[in-house]
Amino acid sequence: MASAQWPCLILALFSVLVASGFPRSHARLLEKRSLLEGEVDGIEVYSTKISCKVTSRFAHNVVTTRAVNRADTAKEVSFDVELPKTAFITNFTLTIDGVTYPGNVKEKEVAKKQYEKAVSQGKTAGLVKASGRKLEKFTVSVNVAAGSKITFELTYEELLKRHKGKYEMYLKVQPKQLVKHFEIEADIFEPQGISTLDAEASFITNDLLGSALTKSFSGKKGHVSFKPSLDQQRSCPTCKDSLLNGDFTITYDVNRESPANVQIVNGYFVHFFAPQGLPTVPKSVVFVIDISGSMHGRKMEQTKDALLKILDDVKEEDYLNFILFSGDVTTWKDNLVQATPENIQEARTFVRNIQDQGMTNINDGLLRGISMLNKAWEEHSVPERSTSIVIMLTDGDANVGESRPAKIQENVRNAIGGKFPLYNLGFGNNLNYNFLESMALENHGLARRIYEDSDANLQLQGFYEEVANPLLTSVEVAYPENAILDLTKNTYQHFYDGSEIVVAGRLADKDMNNFKADVKGHGAINDLTFTEEMDFWIEVTTEKITLWNAAAQSTFSWLDTVTVTQDGLSLTINRKKNIIVTFGDGVTFVVVLHQVWKKHPVHQDFLGFYVVDSHRMSAQTHGLLGQFFHPFDFKVSDIHSGSDPTKPHATMVVKNHRLTVTRGSQKDYRKDVSIGTKVDCWFVHNNGQGLIDGVHGDYIVPNLL
């Protein structure tokens, strides 16, 4: 929940740039000409690309827009990007005629003050503010000289959450004009493997979308590309305005051979937990509904429509009641009642007859509902293995009874006592949403704004579906004592079907050799414990590096730079250079990637395997390299010239064998992976026969490690 509380205002301030003072190219006299397609008021946006790279549910997105001022005077160019409210901006730059100007990301209050100051001084500044249901809007304007080109680049990141069984990547598409090169490209990598992948657009028909969209997935990788041509962007065959105005959504899910998946990178771990196939825990739900006068008309009708639909989905083992508040508080029943067919039918009649009236007494409405749930537990009138939920819907501020937000929060917090969650739904804009959100969060719930639109009833139903199927209650994720530092939230009142618990932390000891995760929770039938043990395997080829643990497989390329630590073993990939593997008491191997010219007629890329601190290996270590980890006796004599004067021959006595050897040199690439260090050595003939135990074929394997 906490990740959603990022500052809603972020400033990208270019303090060195005054609107009229950007570096300009020499003024150019432009002849009169007809407007190009995609040109608006002299400004042509000729390229827009949204590049998304998702790895283990974490999305890294770069929005790049390129424009040129084709007018004969300076023009103001505006750059707008709408990004998810749970995302955070990591970088923003302007590039004008090849010169790049970086932006600074500021916290909310600092940003707001600096933005106002920058605007008053005529400087270029960017601001993020709320713009819709799921989005924040980033906007910046800049003056561009005649003939100049400008590139806007915004980078933002987001942890994708699992919602109704799928991860959702939500992109707003609104170029406002035809764009010669428009593209959305997403690459997804999930170590668990991708089970489903889809993409849809709200602004285009499925037939037209199909001709501009490609999507595919196989194993751990998925790809989505949306590249509409100019003709496909037109709102009509002869129009010059764009139909690209709406939502582009990518959804996917991963394979789940086990309920949990733990991934470790650079001394940190992230633990994903989403069990399937568990029976639903019965629930007791109290709906606390605002029926004040401000709910009159469409809002009340949509609320009633939503409640009637929700009643169709309530399970017979559930319990429920309705609390209505205006100036006073009324209830459907004095106590919770089971959702039998007879009671559901009676509830429908009650909902249809709800009428708006009076003021807004939030305090007494909530306390009545909370009291009803507490009473049911105390009197054991609901199943022992069940859970309680309060869902409140209001469209305004408290204005009768206790109206102080801080006091209402205190009263609600004391009444709930941490026993069950509170979910607050705020209808419309004329309310103190921060108050509703704060009150929900401190009672293990969340707040959701319901937008006044034609689908408001669907929004209400959609929220209920998210919490309608609890699979576990009182969930706790535990790790070995003193093994983890800086742990994120690891206790949850509920785990709902289709969602996912995510816990992250830092390893106290990168070389720990026993890392285990236990997830405990109360199920509908009994208490459950899920244990995740981690083992570790590595396979290295000239093309890729593959890591296995008991829960998942991760694949990296030689283009990656990453460190993975697990079970007392540390592996570091240095891009296109080497892999360093360390385990136990400092035992270290270096695997070097030797690349050759791709068109070489004979040679091909190969790996070099080197041992560092070999004295740390035990005397029992054997194998091709293990034979030589410790000193052994040998004697070289009878050095004489061979066919190559620079490479003399000699006789070596080793392991009671008399061998012919040749003097030469070899490269040691441990310190310098490009050139290496020349090392003098003796080469043993006949594939090392007589020096190594057995024959060389005994040690040939398809992959290293």
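Residues numbered from 1 in each chain as written. Predicted model: local features only at pLDDT ≥ 70, side-chain atom pairs only at ≥ 80, totals over all residues. Heavy atoms only, no water.

Peer 1: I tried to follow the side chain of Gln409 on my own but got confused; where do I start?
Peer 2: Within the secondary structure, Gln409 is located in helix 7 (residues 405-416). Of the polar contacts made by the side chain of Gln409, one reaches the side chain of Glu442; its length is 3.2 Å. Apart from residues lying up to four places away in sequence, Gln409 is in contact with Phe435, Ser438, Met439 and Glu442. (Helix = DSSP H or I, 4+ residues; strand = E, 2+ residues; numbered from the N terminus. Polar contact = N/O pair within 3.5 Å; in protein donor to acceptor, adjacent residues only side chain to side chain. Contact = heavy atoms within 4.5 Å.)

Peer 1: What is the right way to look at the state of the cysteines in this model?
Peer 2: A covalent bond between the sulfur atoms of two cysteines is what we call a disulfide. Throughout the structure, instances matching the rule amount to one disulfide. Here Cys236 pairs with Cys239 through a disulfide, and the sulfurs are 1.8 Å apart. Because the sign of the S-S torsion sets the handedness, a value of about 95 degrees for the bond joining Cys236 and Cys239 places this disulfide among the right-handed ones. (Disulfide = S-S within 2.5 Å.)

Peer 1: What am I meant to see in empty space enclosed by the protein here?
Peer 2: Gaps left between atoms show up when a probe the size of a water molecule is rolled over them. Enumeration according to the criterion identifies one cavity of 30 Å³ or more in this entry. Approximately 100 Å³ is the volume found for the largest cavity. Lining the largest cavity we find Phe287, Ile289, Thr303, Ala306, Leu307, Ile310, Ile391, Leu393, Leu425, Leu460, Phe463 and Tyr464. Only strand 20 (283-290), helix 4 (298-313), strand 24 (387-394) and helix 9 (456-467) provide two or more residues apiece to the lining of the largest cavity. Among the elements that take part in the lining of the largest cavity, helix 4 stands out by supplying four residues, more than any other. (1 Å grid on protein atoms, 1.4 Å probe; cavity = no way out; pocket = protein on both sides within 12 Å on 5 of 7 lines; lining within 4 Å. Points joined across faces, edges and corners; volume = space filled by probe spheres on them.)

Peer 1: When you look at the packing of helix 4 against helix 5 (residues 341-352) in this model, what are you seeing that I'm missing?
Peer 2: For any two helices packed against each other, the geometry comes down to the angle between their axes and how far apart the axes lie. Orientation of helix 4 relative to helix 5, taken along the N-to-C sense of each, is 175 degrees, at an axis distance of 10 Å. By the angle between their directions, the pair helix 4 and helix 5 is classed as roughly antiparallel. On the side of helix 4, the interface is formed by Lys304, Leu307, Leu308, Leu311 and Asp312, while helix 5 contributes Ile344, Ala347, Arg348, Val351 and Arg352. Looking at the contact of helix 4 with helix 5, its residues break down into six nonpolar, no polar and four charged. (Axes fitted to C-alpha atoms, helices over the stretch in contact; angles between N-to-C directions. Parallel < 35°, antiparallel > 145°, perpendicular 65-115°, else oblique. Nonpolar A, V, L, I, M, F, W, Y, C, P; charged D, E, K, R; others polar.)

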